[in-house]
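A closer look at the structure
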Amino acid sequence: MRAVRTKQLSSVPLGRGVRADIRNLLRSPSTRIKQVQQIHARFVVRCYPPPSLYACNSVLFAYARSPLPSQAFAFFATQMRHVKPTTVTFQFLLKACSRSTSLVQTSQIHPLTLKLGFCLYTFLQNAIIYCYGLCGQLVDARRVFDELTHRDVVSFNSMIHGYAAVGDMNSASDLFAQLPEPNIVSWTALVTGFANKGDVFEARRVFDKMPERDLVAWNAMISGYVQNRHPVQALNLYNQMQIEKFNPNTITITSILSACANVGALDIGKWIHVYLNKNNVLLDPFMGSSLIDMYSKSGAVDLALQVFENLPEKNTCTWNAMINGLAMSGHTRETLELFNKMQLDGSVRPDEVTFVGVLLACSHGGFVEEGKRHFYCTMKQYGVVQLVEHYACIVDLLGRSGQLKDAEEVIRNMPIEPDIVVWRALLAGCRLHKSVALAEKVVSEMEAKSSGDFVLLSNLYASVGRWDGVENMRKTMIHKGIKKIPGCSSIVLDNTIHEFISGDKSHPRYSEIIAKLAELGRKANSDGYYAEVSSVLYDIDEEEKEQSLGHHSEKLAIGLGLISTAPGSPLTIMKNLRVCDDCHSMTKFISRICNREILVRDRIRFHRFKDGFCSCNDYW
DNA sequence: CTAGGGTTAG
């Protein structure tokens with residue numbers, strides 16, 4: 001009796017239901033992993049007649065474009081023993097290789113295609129070249145390329161893409177030059193290649209030389225700017241793109257929102273959000289994450305939370321964007337609550353980025369024990385490897401709370417080489433708790449390279465009245481030829497981004513700004529508030545001061561904001577370096593005297609100035 | 001069904 005039932009079970013044909021499922025799978029533009037897994041499960045039951053090659057290939061196709069492309073290999077290995085694979089089978093397998101950048105799979109599939117006599121199919125070999133290239137195996141890629149009897153544009157483009165992926169732009173350009181008729185894809189490969197290397201200038205040069213461009217090319221250049229932190233150029237190019245009558249797609253929007261986030265362009269970002277709603281565009285996790293990031297970084301965490309709550313689909317990035325947004329804004333409790341929610345939700349796994357946010361929140365909120373627990377236990381629990389960034393966070397956490405010995409101990413026992421950021425975190429702790437001796441030790445050991453480190457030690461000397469140390473630092477910096485990073489602050493007014501680089505007087509309203517700042521300076525002095533602070537002004541600073549007037553870039557941005565907006569309206573300023581003590585005090589003063597809420601986002605965190613106080617409680 | 005473009009941290 002039991003045998004009969006088993007037999008009935010094991011010979012269930014795939015049936016119409018599955019065929020309909022497969023049809024649906026192929027019809028939808030993207031694949032949810034659950035859909036494929038359900039169909040996969042029905043293959044596992046031995047059925048009669050065996051599933052057709054078409055059905056098998058369909059599952060491969062679905063896996064290849066799903067969020068878990070590597071599942072395609074498992075399916076191929078276990079469920080396709082009875083069928084003879086065709087070129088289509090390999091196309092999908094190779095698609096899965098490229099989407100999961102799996103060298104192991106690529107190097108196994110390659111000989112298999114040769115064994116089956118598929119070496120003459122250029123389109124298959126092209127895919128192999130592409131996959132090897134993505135995995136950084138340029139020698140293997142080149143061998144396939146050289147052995148091809150017939151090379152088409154795609155062969156060249158795949159090879160160029162491979163060179164570009166490892167940053168070998170010389171080889172990429174050489175190959176490009178050999179191409180009789182490069183097409184848009186060839187050109188775009190060069191643009192992305194240069195951009196990925198950080199050479200946006202060269203990328204733009206290539207982009208400008210393109211005989212024609214399509215949306216992908218525009219997107220490549222725009223995201224190149226965004227990824228290299230040139231948000232203003234990205235936004236300018238986006239305008240140019242619209243002038244040339246190209247409509248943005250979701251990819252363009254994702255990059256542009258990221259650009260808005262980096263420059264704090266809340267108005268433009270909001271406008272795009274409205275545009276998306278008006279056109280009934282469903283927010284995918286990419287756009288969702290960018291949007292959340294844009295709102296958080298523009299100081300509108302409440303709006304970020306709204307977006308987050310209403311997103312139809314969230315991935316790890318989305319959660320991370322929200323967690324980091326809350327952490328940056330100083331909402332420690334909320335950050336940790338959201339992290340709890342993420343763990344309970346279970347649909348996504350926390351990753352390295354998640355823990356940067358969690359630890360950062362603990363650090364800003366002074367939650368030492370909780371931070372330690374996440375660092376030592378929770379991370380291990382999720383199998384998340386501790387990177388230097390996390391060590392920097394924990395050192396920062398310990399250092400801030402005054403446990404300088406423990407912090408130093410952590411660095412000494414790190415399994416990986418501490419980088420400058422880790423040392424700098426300890427140094428910041430020394431500054432906060434005025435530990436000159438340890439700070440000196442740290443600076444001598446870390447071989448400080450950036451001006452910020454010397455500035456920190458110098459400020460520390462000054463704060464304990466060691467003027468000889470200040471002078472020494474200054475000499476050391478000159479001697480070692482250490483250049484200060486130019487300070488750069490921006491403010492968005494009427495959809496226009498105004499960038500101020502210290503020492504640059506080119507802004508059309510420069511003299512008005514200076515006049516306004518001078519007026520405020522006088523008020524501050526007579527108030528007694530500012531005078532007190534400036535008396536302990538140090539003559540070395542992270543940002544190069546404009547010699548004659550001594551204005552940091554953020555003061556210029558604030559000045560412009562004050563003279564060009566209605567009294568009492570809030571201002572948002574973005575800065576690439578950390579706020580200095582002087583500007584911090586001055587901004588507190590301005591917020592009170594001008595009755596303005598001023599939000600300054602520096603390299604590390606937000607400062608919300610209101611009624612003469614700052615949300616960081618002068619602790620940063 | 002053959003090639004190129006996207007988010008979070010540092």
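Residues numbered from 1 in each chain as written. Chains lettered and ligands numbered in written order. Predicted model: local features only at pLDDT ≥ 70, side-chain atom pairs only at ≥ 80, totals over all residues. Heavy atoms only, no water.

Examining the pairing of strand β5 (residues 606-610)
Looking at chain direction, strand β4 (residues 598-601) and β5 are connected through four bridges and run antiparallel. Note on β5: the bridge partner recorded for Arg-601 is Phe-606. Here β4 folds back onto β5, and the loop between the two strands holds four residues. Bridging between β5 and strand β6 (residues 613-614) involves two bridges; their strand directions are antiparallel. Its bridge partner being in β6, Lys-610 is matched across the sheet by Phe-613. Remark: two residues form the turn of the hairpin made by β5 and β6, two consecutive strands paired antiparallel; Asp-611 in that turn has positive phi of roughly 50°. (Pairing = 2+ DSSP bridges. Helix = DSSP H or I, 4+ residues; strand = E, 2+ residues; numbered from the N terminus.)

Let's talk about the protein's contact with DNA strand B
Around DNA strand B lies a shell of 40 residues, among which Phe-123, Tyr-130, Asn-157, Asn-219 and Asn-249 are the nearest. Contact between DNA strand B and Asn-183: a base nitrogen at 2.8 Å from a side-chain N or O atom of the residue. One nitrogen or oxygen atom from the side chain of Lys-297 is found 2.8 Å from a phosphate oxygen belonging to DNA strand B. Sort the elements by how many residues they give to the surface near DNA strand B and helix α18 (residues 285-297) lands first, with seven residues. (Near = heavy atom within 4 Å. Polar contact = N/O pair within 3.5 Å; in protein donor to acceptor, adjacent residues only side chain to side chain.)

Here's the deal with the UniProt feature "repeat: PPR" (unreviewed entry) in chain A
Following the UniProt record, one finds the feature "repeat: PPR" (unreviewed entry) at residues 152-186, 214-248 and 315-349. Span residues 214-248 is 74% helix and 0% strand, its end C-alpha atoms 11 Å apart. Helix makes up 77% of residues 315-349 and strand 0%, whereas the separation of the span's terminal C-alpha atoms amounts to 9 Å. (UniProt positions renumbered as here; feature names shortened; annotations may be inferred.)

Topic: the packing of helix α14 (residues 215-227) against helix α16 (residues 250-263)
Where α14 contacts α16, the axes come no closer than 9 Å and their chain directions differ by 20°. For the element pair α14 / α16, the angle class is roughly parallel. Crossing hand, α14 versus α16: left-handed. The segment α14 lies against α16, with Leu-215, Asn-219, Ile-222, Ser-223 and Val-226 engaging Ile-251, Thr-252, Ser-255, Ile-256, Ser-258, Ala-259 and Asn-262. The class makeup of the residues in the contact of α14 with α16 is six nonpolar, six polar and no charged. (Axes fitted to C-alpha atoms, helices over the stretch in contact; angles between N-to-C directions. Parallel < 35°, antiparallel > 145°, perpendicular 65-115°, else oblique. Left-handed = near helix turned anticlockwise from the far one by under 90°. Contact = heavy atoms within 4.5 Å. Nonpolar A, V, L, I, M, F, W, Y, C, P; charged D, E, K, R; others polar.)

Examining helix α19 (residues 301-310)
Buried within α19 we find Val-301, Ala-304, Val-307 and Phe-308. Down the axis of α19, the sector holding all buried residues measures 115°, keeping them to one side. Turned more than 90 degrees off the buried face of α19, the exposed positions are Asp-302 and Asn-310. Summarising the contacts, the buried residues of α19 are in contact with α17 (266-278), α18, α20 (316-328) and α21 (332-345). (Buried < 20%, exposed > 50% of the residue type's maximum accessible area, 1.4 Å probe, protein only. Arc of directions from axis to C-beta.)

Re the packing of helix α15 (residues 231-243) against α16
Packing of α15 against α16 brings their axes to within 8 Å, and their N-to-C directions diverge by 140°. Classified by the interaxial angle, the pair formed by α15 and α16 is oblique. Pair α15 / α16 crosses with left-handed handedness. Within the contact between the two elements, α15 uses Pro-231, Val-232, Ala-234, Leu-235, Tyr-238 and Met-241 and α16 uses Thr-252, Ile-253, Ile-256, Ala-259, Cys-260, Asn-262 and Val-263. Here the contact of α15 with α16 is composed, by residue class, of eleven nonpolar, two polar and no charged.

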